[in-house]
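Listed here are the chains, written in short residue letters.
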Amino acid sequence: MREVDVMGVRVEMPSNQPIVLLREVAGDRYLPIWIGAVEATAIAFAQQGVTPPRPLTHDLLKDVLEATDNALEEVRITDVKDGVFFATLVLASGAEVSARPSDSIALALRTGSRIVCAEEVLDEAGLAVPAEQEDEVEKFREFLDHVTPEDFEAPSD
C-alpha cells in the first residue's frame, strides 16, 4: 500500500464528469477517479473547510464514529475492475467496511485519516507525471484553489 494525498476535485471536460485526483506521497504517480457530483461537493466542502448548516451524510458518519469511540484509522483503495474502484474503511476496532472511494475520501478528509492505495491499483490506473509536465499539475492546483462546491451543481434547464 502506498500513501496518497487528495489533490482536489475538478470537472472533466467535455464529459462534465467530476473527478478526484490523488497523488502518491512518495512517488510521481497521480490517480484520477471519476466520481459523482454529490461526492465531489462533499470532498470540496471538506477541503475548503465549509461547514453546511445541517450535517451531510459524511459528517453524520464522522459523528457516529466519534460517538461510538471507533475512529477511522485508514482508508484503503484496494482494487479497480473495469474502471470501477473499490475501497475499505479500516476502523479502530479492527472492523473493515467496504465502501466507494469517493465516500471514503470524503470521510477521511473530515477525520484526518490516512489514505493508502494498493500498488496494483496505481500500476493499473495511475498516471506518472514527468517533471516537464509539472507546470500542468501546478495549473491544476491553481484551479483547485479557486473551485467552489457550486461548480459541481447540475445546470438548470
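Residues numbered from 1 in each chain as written. Predicted model: local features only at pLDDT ≥ 70, side-chain atom pairs only at ≥ 80, totals over all residues. Heavy atoms only, no water.

As recorded in an unreviewed UniProt entry, the protein chain goes by BFN domain-containing protein and comes from Nocardioides marinus.

**Description of the pattern of salt bridges**
Close approach of charged atoms allows side chains of opposite charge to pair. Going by this rule: Basic side-chain nitrogens of Lys or Arg form a salt bridge, by our definition, when they fall within 4 Å of a carboxyl oxygen of Asp or Glu. Helix numbers and strand numbers start at the N terminus; a helix is a DSSP run of H or I with at least 4 residues, a strand a run of E with at least 2. Buried residues are those whose accessible area, probed at 1.4 Å on protein chains only, stays under 20% of the maximum for their type, while exposed residues exceed 50% and partly exposed ones sit between those limits.
Going through the model one piece at a time under the given rule, you end up with 14 salt bridges. We note a salt bridge from E3 to R114, for which the minimum N-O separation is 3.7 Å. One end of the pair, E3, is in strand β1 (residues 2-12); the other, R114, is in strand β7 (residues 114-117), with 111 residues separating them in the sequence. For R114, a relative accessible area of 39% translates into the label partly exposed. Across the pair E74 and R114 runs a salt bridge, and its minimum N-O distance is 2.8 Å. Within this pair, whereas E74 is found in strand β4 (residues 72-81), its partner R114 is found in strand β7, the two being separated by 40 residues in sequence. You can call E74 buried: its relative accessible area is 12%. Sharing partners across several salt bridges, the network here consists of R2, E24, R29, E119 and D123.

**Details of helix α3 (residues 101-111)**
Where burial is concerned, most of α3 is hidden: eight out of the 11 residues are buried. Residues P101, S102, S104, I105, A106, L107, A108 and R110 constitute the buried set of α3. Where α3 terminates, the next one or two residues include G112, which has phi positive at roughly 75°.

**Remarks on the packing of aromatic side chains**
Keep this limit in mind: Only rings of Phe, Tyr and Trp enter the pairing, Trp through its six-membered ring, and a pair is recorded when the two centres are within 6.5 Å. The plane angle decides the type: under 30 degrees is stacked, over 60 is edge-to-face, the rest tilted. Consider the ring centre and the ring normal. A charge sits over the ring if Lys NZ or Arg CZ is within 6 Å of that centre and within 35 degrees of that normal.
Going through the model one piece at a time under the given rule, you end up with zero aromatic pairs. One residue, K81, lies across the ring of F86, its end atom 5.8 Å from the ring centre.

**A short note on the pairing of strand β3 (residues 29-34)**
For a regular strand, the rule is simple: side chains alternate between the two faces of the sheet. Selection criterion: Strands pair, by our definition, only if DSSP identifies at least two bridges between them.
Most of β3 is tucked away: five of the six residues are buried. Pairing of strand β2 (residues 17-24) with β3 involves five bridges; the strand directions are antiparallel. Each residue of the ladder has a partner; that of V20, found in β3, is I33. Taken together, β2 and the strand that follows it, β3, pair antiparallel across an intervening segment of four residues. Relative to strand β8 (residues 127-128), β3 runs antiparallel, the two sharing two bridges. Residue pairing in the sheet places Y30 in a bridge with L127 of β8.

**Observations regarding the sheet that holds strand β5 (residues 84-91)**
Basically, it comes down to this: Contacts were defined at the residue level, with two residues in contact if any of their heavy atoms lie within 4.5 Å. All axes here are fitted lines through C-alpha atoms, helices being fitted over the stretch that makes contact, and every angle between N-to-C directions spans 0 to 180 degrees.
The eight strands lie next to each other as β6-β5-β4-β7-β1-β2-β3-β8, forming an open sheet whose pairing is mixed. Edge strands, defined here as strands with exactly one partner in the open sheet, are β6 (96-99) and β8. As defined by bridge partners, β4 adjoins β5 across eight bridges and the pair is classed as antiparallel. Bridge assignment links D79 to a residue of β5, and that residue is F86. In the packing of helix α1 (residues 37-48) onto the sheet, contacts are made with β1 and β2, and the angle to β1 comes to roughly 115°.

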